[in-house]
Amino acid sequence: QVQLVESGGGLVQAGGSLRLSCAASRRAFAMAWFRQAPGKEREIVGAITWSGDRTYDADSVKGRFTISRDNAKNTVYLQMNSLKPEDTAVYYCAAGQWGLDSSKYHYWGQGTQVTVSS
């Protein structure tokens, strides 16, 4: 069992930045951030292995968002820069196997709301 606690969401103006954190009770093989906007399907934003040998950034956020991890703290981060209104969503941290599909991740955080105003 892996427990995940997210923090760092909020309201920000377009062009601003936020950093999301996800503290894990123990490490699974990989961690990922997903997001879900109202009326849309959940989509992957980024993924990383605890070893750091694999990372993934979705095309929609490439160059703006960066996923990273701190092994000593069992914490994964999502640094979000140049935020756009279309980034507004509930962001979820997930732990599990490596992959781009939500079915690869068996443990999920409670979600944190990110709202970007224009």
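Here's a quick rundown of the structure. (Residues numbered from 1 in each chain as written. Predicted model: local features only at pLDDT ≥ 70, side-chain atom pairs only at ≥ 80, totals over all residues. Heavy atoms only, no water.)

## Things to note about the pairing of strand E4 (residues 30-36)
Looking down a regular strand, the side chains alternate between one sheet face and the other.
Working step 1: The buried fraction of E4 amounts to six of the seven residues, a majority that puts the element mostly inside the structure.
Working step 2: Note that E4 and strand E5 (residues 43-49) share six bridges and pair antiparallel. In the strand pairing of E5, Ala32 is matched with Ala47.
Working step 3: The loop that links E4 with its antiparallel partner E5 comprises six residues; one of these, Gly39, has a positive phi angle of about 75°. (Buried < 20%, exposed > 50% of the residue type's maximum accessible area, 1.4 Å probe, protein only. Helix = DSSP H or I, 4+ residues; strand = E, 2+ residues; numbered from the N terminus. Pairing = 2+ DSSP bridges.)

## With respect to the nonpolar core
Working step 1: Ranked by size, the top nonpolar core spans 28 residues in total, and within it Leu4, Met31, Trp33, Phe65, Leu78, Met80 and Tyr91 carry the most contacts.
Working step 2: Residue assignment for this core shows that the elements contributing at least two residues are strand E3 (18-24), E4, E5, strand E7 (65-70), strand E8 (75-80), strand E9 (89-96) and strand E11 (112-117).
Working step 3: Ignoring sequence-local partners within four residues, the contact set of Met80 consists of Gly16, Ser17, Leu18, Leu20, Arg64, Phe65, Tyr91 and Val114.
Working step 4: Formed by seven residues, the second largest nonpolar core is a distinct cluster that contains Ala30, Ala32, Ile44 and Ala47. (Core = buried A, V, L, I, M, F, W, Y, C linked by side-chain atoms within 4.5 Å. Contact = heavy atoms within 4.5 Å.)

## Quick notes on the packing of aromatic side chains
Working step 1: Per the stated rule, a full pass over the model turns up three aromatic pairs.
Working step 2: Ring geometry for Phe34 versus Tyr105: centroids 5.6 Å apart, planes at 70°, classification edge-to-face. Taken together, the residues span a long stretch of sequence, with Phe34 in strand E4 and Tyr105 in strand E10 (residues 105-108) at a distance of 71 residues. Both residues of the pair, Phe34 and Tyr105, count as buried.
Working step 3: Considering the side-chain rings of Phe34 and Trp108, the 5.0 Å spacing of their centres and the 55° angle between planes classify their relative orientation as tilted. Taken as a pair, Phe34 in strand E4 and Trp108 in strand E10 lie far apart in primary sequence, 74 residues in all.
Working step 4: Look at Trp108 and you get partly exposed, because its relative accessible area is 28%.
Working step 5: Note that Arg42 overlies the ring of Tyr92, its terminal NZ or CZ placed 4.0 Å from the centroid. (Phe/Tyr/Trp six-rings, centres within 6.5 Å; stacked < 30°, edge-to-face > 60°. Lys NZ or Arg CZ within 6 Å of the ring centre and 35° of its normal.)

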